[in-house]
Number of protein chains: 2
Amino acid sequence: MGLVPLPASMSQEAKPTADTYEMFLDHVRKYHYVGDAAGVLGWDQQVMMPEGGTPARSKQSSTLSTIRHELLTDDDLAAWLDDLADADLDGEQQAVVREVERAHERANAVPEELVKRLSEATSNALPVWEEAKAESDFSMFEETLEEIVELRREYAEAIDPDRDPYEVLFEDYEPYLDIDTAEAILTELREELPALIDAIADSDVELADPFEGEYDEEAQEELVRSALDQLNYDWDRGRLDTAPHPFSTGTQFDARVTTRFAPDDPMGAIGSTIHEFGHASYTLGLPDEQYGTPLGSSRNMTVHESQSRLWENHVGRSRPFWQLFAPNVEENLGVDAAPGAFYEHANEVYDDNLIRVEADELTYHMHIVVRFEIERDLIRGDLDVSEIPQVWNDKMEEYLGVRPDNDAQGCLQDIHWTHGNFGYFPTYSLGSVLASQLFAAAERELGDLDDDIESGEFDRLYSWLNENVHEHGCRYTTPDLIEEATGEAFTAEYFLDYADEKYSDLYEL
Amino acid sequence: MGLVPLPASMSQEAKPTADTYEMFLDHVRKYHYVGDAAGVLGWDQQVMMPEGGTPARSKQSSTLSTIRHELLTDDDLAAWLDDLADADLDGEQQAVVREVERAHERANAVPEELVKRLSEATSNALPVWEEAKAESDFSMFEETLEEIVELRREYAEAIDPDRDPYEVLFEDYEPYLDIDTAEAILTELREELPALIDAIADSDVELADPFEGEYDEEAQEELVRSALDQLNYDWDRGRLDTAPHPFSTGTQFDARVTTRFAPDDPMGAIGSTIHEFGHASYTLGLPDEQYGTPLGSSRNMTVHESQSRLWENHVGRSRPFWQLFAPNVEENLGVDAAPGAFYEHANEVYDDNLIRVEADELTYHMHIVVRFEIERDLIRGDLDVSEIPQVWNDKMEEYLGVRPDNDAQGCLQDIHWTHGNFGYFPTYSLGSVLASQLFAAAERELGDLDDDIESGEFDRLYSWLNENVHEHGCRYTTPDLIEEATGEAFTAEYFLDYADEKYSDLYEL
């Protein structure tokens, strides 16, 4: 009798593959741990570090960044990826290989010398942008931004000379959601929202504003801490601090939230705290046992932003939330108003606002569309840097009916392009849109969530998000994750319905 | 005419050496930057991190530690060190090569497998020690400690099988101060101090204690912040926080201080804050432009401890300091007492204290001598782990006239051996001794410093320390640094004179 071939999983070759996968995974973990160490340094720099520490911290952070790059472009890793291409892997292992391979190929494609030039150009750009913004003079920044745009075009070309460079850059933030889908959604927002915004501007309804005067920071801090308590933020795995630009960072074991306070704007602090809580709740929901691998890491920007927007808008800006939370405002700030008054104030639409980060839930997306269209055309070579101020102001007027008086209030307001981050802005709006789609899916499955929210019972919603989004890490690509969670492809339908219903009611349209 | 040979510095061979040195130095900087990044993670873990973050932080920290080890044992580094052995280097460059070579050789000598076993054994030992201490039962810890002692003996043997293993371990903390010098100084303390301590115990003098009752933490924090203000702590390069076990960490750009508060012991908080300030002032005094190299790094434990003890004892426990600082205590704690009363309280000698970290300036050294003699004999194989409790208690009785009732108050009180740190304890006492020698040298050069201290003018003292200690980094070995700074070899003479004079006066001996 001849030898019967063993099935692949039992053959002698299976062992080397299992070993290869383990060595590969150890290397991947090392790469992730260094990244998380860098995250701690970043948090410290923004929240704790004395100002004089900058020169040393820059060296430390850029060294960790170099080490990560070395780990990602490592020859051993390349060899393991080669071996694993033909290996008999399960679905989770395949997902890990897919994610690492993609990052490895991108990192390998870009010459180190270009990485260095980009890093130097963006470092040097920061003070130039700051000064131009202070002087409100875009011409001071023009040459610097031209260089960054040029380097980013080179970067995109190094990765794939045959594709639209903006698409390539967008994939740094959103690797699997194709640019056509993204653009279609942004186009739908641009086409649908202005009518609603115009109707609101024409409405005679004046929404309530229960806040007057100034509120001290300690009282506001107690208030936002009580919000985090209500939302069951896990203080054993998190903390709250202040930062000039609020952010959230960390791992499933330690996901921290920051916020900021303005004396006359407690609603701003509440909104930003709940937003960052949403980010942290996603991070904390990643599986502990997969820490240090793509299965224990968050999916990309759009999904992350969907979690922050879902909690900020669908919970924190909802009527039942203010039924729950109004007593906390009275207790901490002494403001005795009907829950409906807070609800109205949380949802006021400002038709004269020029600043993205101060925008309401609706006009916000028009700010994003302006930036998206400009950066796309810049990177595609269809727009010159020198034309930005004129085009910016024209688009603001066209989409929002307001025209900045100066560059500081216009095209110099955001830091993203100074950092070379072209392709990042769209993910903010895509996140809001996805938040609505996910919230609708959750309500389809769980029934209306108003009672849960009003009674401070967030377990069902949190569990749904955890099971359908958080616990998968990077197991699925973004489109597959959306499909798995909602049963549908990515769509703006739910966001537009939600906006229409909510604001028609508020403004009696 | 034949060719005239060029001098070495102009020859064609000079260029490769200069390049080699630059590549070598870049590598050295990378190694230091990773170490400093790890330092930030350590600070965060002790001061800021929520408890749940431990599993992730352990992974991050041990990864940075692995990367440091890889950088230090790197083949390129070995080759550069070989090349530089014959190179034409100036004194500073030679010092850099000396320091790196020493660290490289130590790291290379120890098998990775032993490093790993040590790291695992000490990690596993921590909870065992904690439980044994909670139960006050050394026998629960005995087997664990035996393993650590054995591994440390193996470690010493790997580095140099021909030398006393305790000497080899001591050099991890104090590489250039030979063990005979260290032992001679500790022996002198053991021989000289008990007579003074006994005389104090027999004295009828009762020192004042102006504190009574409890003081709230916020008021105490304001008080110690005002002490740091008085001492000109650079808040732009530092910060103050609380930690269960106070420490200082950082770089010349960012050297942070921690302290702790007990309601009934403001003097404890003041002392610990000034002690940590001393460490930070050394770190901040390292040259900015040498950051990331041995010339911008502190000399070893003894020198570091000399700076903390100098500020804690020779400034913070001096009569003129309390002339200066008494009003701050009144302002912050409402305690209205004569400066002399605070001075007395700061210097009270406790003849019934069993705990090292609560010891006064004199009996402290007898606690160190007990530990030094025990750990030396353990590592040399002259003492069994099982004998520790008996020997500990006998020595405490012999040197200090007190005998612990139980192991928690005796041989289980310190964490050092659990971490495998044998050879560390002596540097605490050596630091105090060096502090006195340096302070005496400063006063020889500058004249009596009482007026400076009383008027809060610390510039002359700080400049002297900066020029004679801080700014050299690791330019000199410890004995050479002491010789350069004081014109003498390391000696206990100044400490013993200082102690005798101060305490004879206080206790009217």
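Residues numbered from 1 in each chain as written. Chains lettered and ligands numbered in written order. Predicted model: local features only at pLDDT ≥ 70, side-chain atom pairs only at ≥ 80, totals over all residues. Heavy atoms only, no water.

Asker: Requested: an account of the interface of chain A and chain B, with residues and values cited.
Answerer: Much of the literature gives interface size as the accessible area that the parts lose upon coming together. With 34 residues of chain A at the contact, the number on the chain B side is 34 residues. Taken over both partners, the interface formed by chain A and chain B buries close to 2800 Å², and the fraction arising from carbon and sulfur atoms is 66%. Summed over the shared surface of chain A and chain B, the result is six salt bridges. For Arg57 of chain A, the salt bridge goes to Asp254 of chain B, with nearest N and O atoms at 3.9 Å. On inspection of chain A and its partner chain B, the count reaches twelve residue pairs in polar contact (both at pLDDT 80 or more). Put simply, the parts of the chain that give the side of chain A that touches chain B at least two residues each are helix 1 (14-47), helix 2 (54-72) and strand 3 (254-259) of chain A. The residue makeup of the side of chain A that touches chain B, split by class, is 16 nonpolar, six polar and twelve charged. (Contact = heavy atoms within 4.5 Å. Buried area = accessible area lost by both parts, 1.4 Å probe. Salt bridge = Lys/Arg side-chain N within 4 Å of Asp/Glu carboxyl O. Polar contact = N/O pair within 3.5 Å; in protein donor to acceptor, adjacent residues only side chain to side chain. Helix = DSSP H or I, 4+ residues; strand = E, 2+ residues; numbered from the N terminus. Nonpolar A, V, L, I, M, F, W, Y, C, P; charged D, E, K, R; others polar.)

Asker: I'd like a rundown of the packing of aromatic side chains, residues and numbers included.
Answerer: Counting across every chain of the model gives 46 aromatic pairs over all chains. Judged by centre distance (5.7 Å) and plane angle (50°), the rings of Phe211 of chain A and Phe342 of chain A are tilted. Of this pair, Phe211 of chain A sits in the loop between helix 8 (179-202) and helix 9 (217-230) while Phe342 of chain A is found in helix 13 (residues 339-346), placing the two residues 131 residues apart along the sequence. Of the two residues, Phe211 of chain A and Phe342 of chain A, both sit in the buried class. Within the aromatic cluster, the residues linked to one another by ring pairs are Tyr173, Tyr364, Trp392, Trp417, Phe422, Tyr424, Phe425 and Tyr428 of chain A. Against the face of Tyr155 of chain A rests Arg152 of chain A, its NZ or CZ located 4.5 Å from the ring centre. Over the face of the ring belonging to Tyr31 of chain B we find Arg68 of chain B, whose NZ or CZ atom lies 4.1 Å from the ring centre. (Phe/Tyr/Trp six-rings, centres within 6.5 Å; stacked < 30°, edge-to-face > 60°. Buried < 20%, exposed > 50% of the residue type's maximum accessible area, 1.4 Å probe, protein only. Lys NZ or Arg CZ within 6 Å of the ring centre and 35° of its normal.)

Asker: Which residues make up the pattern of salt bridges, and what values go with them?
Answerer: Side chains bearing opposite charge may pair, as long as their charged atoms lie close to each other. Residues and elements named next belong to chain A. Across all of its chains, the model carries 70 salt bridges over all chains by this definition. The salt bridge involving Arg376 is made with Asp377; its shortest N-O contact spans 3.2 Å. Exposure remark for Arg376: the relative accessible area of 13% places this residue in the buried category.

Asker: Residues and numbers for the sheet that holds strand 2 (residues 248-251) of chain A, please.
Answerer: Residue and element names in this part refer to chain A. Spatially, three strands are ordered 1-3-2 in an open sheet, and the strand pairing comes out mixed. Either end of the sheet is taken by a strand with one partner, and the two such strands are strand 1 (240-242) and strand 2. Averaged over all pairs of adjacent strands, the angle between strand axes in this sheet comes to 25°, irrespective of strand direction. Here four bridges tie strand 2 to strand 3, and the two strands are oriented antiparallel to one another. Paired with Thr251 across the bridge in strand 3 is Asp254. (Pairing = 2+ DSSP bridges. Axes fitted to C-alpha atoms, helices over the stretch in contact; angles between N-to-C directions.)

Asker: With reference to specific residues and values, describe the pairing of strand 3 of chain A.
Answerer: Residues and elements named next belong to chain A. Among the six residues that make up strand 3, six are buried, leaving the element largely enclosed by the rest of the structure. Across the two faces of strand 3 the burial is the same, with Asp254, Arg256 and Thr258 and Ala255, Val257 and Thr259 all buried. Relative to strand 3, strand 1 is paired through three bridges, and the arrangement is parallel. Along strand 3, the bridge assignment pairs Thr242 with Thr259. Where strand 2 folds back onto strand 3 in an antiparallel hairpin, the turn is made up of two residues.

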